[in-house]
Amino acid sequence: MLGITVAAAALSACSSIVPNELGQQALAQTNQADRQAAQQDVEPIQGALTLDEAMARALKYNLERRTRLMEEALALNQLDVGKLDMLPKLMAQAGYTDRNRERATYSMPYTPQYGPKATNSSFSSQASHGTADLGLTWNMIDLGLGYYGSRQQADRVLIAAEKRRKAMHLLMQDVRTAYWRAAAAQKLRAEVSRTLAMAEKALADSRKVETERMRNPLDALRYQRQLLENLRLLEAIEQELSIAQVELATLINAPIGQAVPIAETQLNLADDSVLKLPLERLEQVALEHNADLREQHYNSRIAREEVRKTLARLFPNLSFNYGLKYDSDRYLVHNHWNEAGVQLSFNLFNLLTGPTQIKLAEAGVSLADQRRVATQMAVVTQVHLARLQLANARSQFARADAIYATDQKIAEQVRNRASVRAQSQLDQVANETTAILSLLRRYQALAQVHTAENRLMANLGIEPRIGSTGELSLAQLTEELKGSGNPWAALKQAAPQ
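Every chain's residues receive numbers from 1 upward, in the order its sequence appears when written. Reporting of local features is limited, given that this is a predicted model, to residues whose pLDDT is at least 70; pairs of side-chain atoms are given and counted only at 80 or more, and all residues count toward the totals for whole chains, interfaces and linings. Hydrogens and waters are ignored; side-chain quantities use all the structure's heavy atoms.

**Q** Could you clarify how one ought to interpret the packing of helix α3 (residues 51-61) against helix α13 (residues 474-482) in this entry?
**A** Think of two packed helices as two axes; the pair is described by the angle between the axes and how far apart they sit. Where helices are involved, their axes are fitted lines through C-alpha atoms of the stretch in contact, as for all axes, and angles between N-to-C directions lie from 0 to 180°. Numbering of helices and strands runs from the N terminus; a helix is a DSSP stretch of H or I covering at least four residues, while a strand is a stretch of E covering at least two. Contact geometry for α3 and α13: axes closest at 8 Å, N-to-C directions at 125°. When the axis of α3 is compared with that of α13, the two are oblique. Crossing geometry of α3 relative to α13 is assigned as right-handed. Together, Asp52, Glu53, Met55, Ala56, Arg57, Leu59, Lys60 and Tyr61 of α3 and Leu474, Leu477, Thr478, Leu481 and Lys482 of α13 make up the contact between the two elements. Amino acids are sorted into nonpolar (Ala, Val, Leu, Ile, Met, Phe, Trp, Tyr, Cys and Pro), charged (Asp, Glu, Lys and Arg) and polar (every other residue, Gly among them). Its residues assigned to classes, the contact of α3 with α13 shows 7 nonpolar, 1 polar and 5 charged. Throughout, the term roughly parallel applies to angles under 35 degrees, roughly antiparallel to angles over 145, roughly perpendicular to angles from 65 to 115, and oblique to all others. Crossing handedness is read from the near helix: turned anticlockwise from the far helix by less than a right angle, it gives a left-handed crossing, and turned clockwise, a right-handed one. Here a residue-residue contact requires only that any non-hydrogen atoms of the pair lie within 4.5 Å.

**Q** I tried to follow the nonpolar core on my own but got confused; where do I start?
**A** Taken as a class, soluble globular proteins show a tendency for nonpolar side chains to be buried jointly. We define a nonpolar core as any set of buried Ala, Val, Leu, Ile, Met, Phe, Trp, Tyr and Cys residues linked to one another through side-chain atoms lying within 4.5 Å. Three exposure classes are used, based on accessible area relative to the maximum for each residue type with a 1.4 Å probe and protein chains only: buried under 20%, partly exposed in between, and exposed over 50%. Residues Tyr179, Trp180, Leu248 and Leu460 are the most contacted members of the largest nonpolar core, which totals 75 residues. Per element, the largest residue contribution to this core is 18 residues, and it comes from helix α5 (residues 140-212). Ala303, Ala361, Val365 and Ala368 belong to the second largest nonpolar core, which has 5 residues in total.

**Q** Looking at this structure, how should I read a nonpolar patch on the surface?
**A** A patch consists of residues exposed above 30% relative accessible area that lack any salt bridge, with like charges linked at up to 9 Å and nonpolar side chains (Val, Leu, Ile, Met, Phe, Trp, Tyr) linked at up to 5 Å. Method for areas: the Shrake-Rupley scheme with a 1.4 Å probe, in which residue coverage is limited to the protein chains shown. Here, a salt bridge means any side-chain nitrogen of Lys or Arg that lies within 4 Å of a carboxyl oxygen of Asp or Glu. Together, Trp138, Met140, Leu318, Phe320, Val342 and Leu344 line one region of the surface with nonpolar side chains, adding up to about 560 Å² of accessible area. Those elements that provide at least two residues to the nonpolar patch are β5 (317-327) and β6 (336-345). Along the polypeptide, Val342 turns up in strand β6. Residue class for Val342 comes out exposed when judged on its relative accessible area of 60%.

**Q** Help me understand the side chain of Lys309 in this model?
**A** Mapped onto the fold, Lys309 is located in helix α10 (residues 291-314). Note that His is not counted, nor are the chain ends; the positive residues are Lys and Arg, and the negative ones are Asp and Glu. For the buried residue Lys309, which engages in no salt bridge, the nearest side chain bearing the opposite charge is Glu306, 4.1 Å off. Ignoring sequence-local partners within four residues, the contact set of Lys309 consists of Leu145, Tyr148, Gly149 and Gln152.

**Q** Whenever I open this one, the pattern of salt bridges confuses me. Can you help?
**A** Pairs may arise between side chains of opposite charge once their charged atoms sit close together. For the coordinates displayed, the defined rule picks out 13 salt bridges. Between Arg301 and Asp155 there is a salt bridge; the shortest N-O distance is 2.5 Å. You can see Arg301 sitting in helix α10 and its partner Asp155 sitting in helix α5, a full 146 residues away along the chain. By relative accessible area, Arg301 is classed as partly exposed at 43%. Linking Glu247 and Arg181 is a salt bridge whose minimum nitrogen-to-oxygen distance equals 3.1 Å.

**Q** Looking at this model, I keep getting lost on the side chain of Asp155. Mind explaining?
**A** Residue class for Asp155 comes out buried when judged on its relative accessible area of 6%. For Asp155, the residues in contact, after removing those within four places along its chain, are Tyr298, Arg301 and Ile302.

**Q** Any chance you could explain the pairing of β5 here in plain terms?
**A** Within a regular strand, the side chains alternate between the two sheet faces. When DSSP locates at least two bridges between a pair of strands, those strands are taken to pair. Note that strand β4 (residues 128-139) and β5 share 9 bridges and pair antiparallel. Looking at β5, one finds that Asn139 is bridged to Ser319. Here 10 bridges tie β5 to β6, and the two strands are oriented antiparallel to one another. Paired with Leu324 across the bridge in β6 is Asn338.

**Q** Explain the environment of Leu314 to me, please; I cannot follow it from the model alone.
**A** With respect to the helices and strands, the residue Leu314 is situated in helix α10. Each C-alpha atom, one on Leu314 and one on Ile141, is 9.1 Å from the other, the two residues being 173 residues apart in sequence. Ignoring sequence-local partners within four residues, the contact set of Leu314 consists of Phe346, Asn350, Gly354, Gln357 and Ile358.

**Q** I keep staring at helix α7 (residues 244-252) and nothing clicks. Help me out?
**A** For an α-helix, the turn length of 3.6 residues means that residues three or four places apart are oriented alike. The set of residues buried in α7 consists of Ala244, Gln245, Leu248, Ala249, Leu251 and Ile252. The arc that holds every buried residue of α7, seen down its axis, measures 165°, which confines them to one face. Looking one or two residues beyond α7, the residue adopting positive phi is Asn253, at roughly 60°. Regarding the arc, it is the one traced by the directions from the helix axis to the C-beta atoms.

**Q** What should I look at first to understand the environment of Lys187 in this one?
**A** Counting through the fold element by element, Lys187 comes out in helix α5. Along the backbone, Lys187 and Ile262 are 75 residues apart, and their C-alpha atoms lie at a distance of 9.2 Å.

**Q** So what exactly am I meant to see when it comes to the packing of aromatic side chains here?
**A** Each aromatic ring pair is specified by the distance between its two centres and by the angle formed by the two planes. Working definition: a ring pair exists when centres of Phe, Tyr or Trp rings (six-membered ring for Trp) sit within 6.5 Å. Plane angles under 30 degrees give stacked, over 60 give edge-to-face, the rest tilted. Under the definition given, this model contains 2 aromatic pairs. Between Tyr147 and Tyr148 the ring centres are 5.3 Å apart and the planes differ by 65°, which places this aromatic pair in the edge-to-face class. Take Tyr148: its relative accessible area is 22%, and that puts it in the partly exposed class. Between Tyr179 and Trp180, the aromatic rings sit 5.3 Å apart at their centres with planes inclined by 85°, giving edge-to-face as the arrangement. The class for Tyr179 is buried, based on a relative accessible area of 0%.

As structure tokens, this is what we get:
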């Protein structure tokens, strides 16, 4: 009856559970707490932001990177927990037994024919008594499975580290691109606004001339059409540049909506020594250090450990146990005693299912090996493509730089002619727009060079040698990134001569 009553109470409690939506106040409080947690311990930006500081802030404060670091720490903790599976099981139990009548039994003397049942009876157990025991059990199969499971978890820790490396490469690539876009936005903002105002004024003057019919209406409309086209280009540039600050602020975990001042940085490129290295050397470095390929190597080791775990499950199970027992039953002669035992067991169905289980585990090894081979070919292909993209990006930047220099000279000549009324406003607006576009394309080409460099570095598995981002201050991390120097120096050391 007691069991029925407990079951009925549990069923009643379960039926009373209904969906509970988040209230507006609770949701607002959680969102506010999350916003404060995101900005906790984030140093405010002091002065103009350099590229090194932007990357340091991303490595230290970026929320996605923090998540990757926590995943790696969680994998490491799971490794420590997995090692505990190899320890014996130490179980402590206590209980209480109660029945409405004491346990009474008849005894029968032993005879070849067993004879008649005795007419007298005796109590063999107290109606209410408590029990307690402390037992130590060590299962050999659990020991083997725990050992192989710990080796697998150790490889998963290394996989988490490789995922963190890959995330760092992608983060640095995004920061470089967003930084130069933000620098372009800061550089061009004033010029775009000035040229927009000039174009709007010229458009208003042209419409006034058209209304007063001071010139051929068709010429006036063509003039306005060209002005409107330039305005469309300028507004497109303004819209494209307006999101650069938001992207950079998100990557470095700066307050959204707050202007991030960009330092006036010289447009210096790293040397092109990497383009002079043989492709065979680049391939070798990539095959040794690429994060994706190293991850597949660890996955292959995990698959092989799974085969060993499958074999261990098929062996007979040998277990040892030792326990301290206590029973408060007053009919017992000895109320506490020690108990030890050894047990050997074997699941006979393993004889039937064992080959299938081993075949499945070996298929997992073949799949992991095939993925590793495919990843290796993809990495080699990516190295070749990244090297070509870097060469093309550097060439495009050189061309964009030359075009920008020419357009600047043209714009200067047009300004001089406009000052003496020898040039129309339309020509001045058009040339100013062309110069702005040239400067924008120059910054875009520079960003593409940095993006291509980071893509090649990621494929080669090269990253700056820095300490722990959690232990280093922002200033120290910035100095380490600034002192990392030429990114290809590590490549020359890693590659064989």
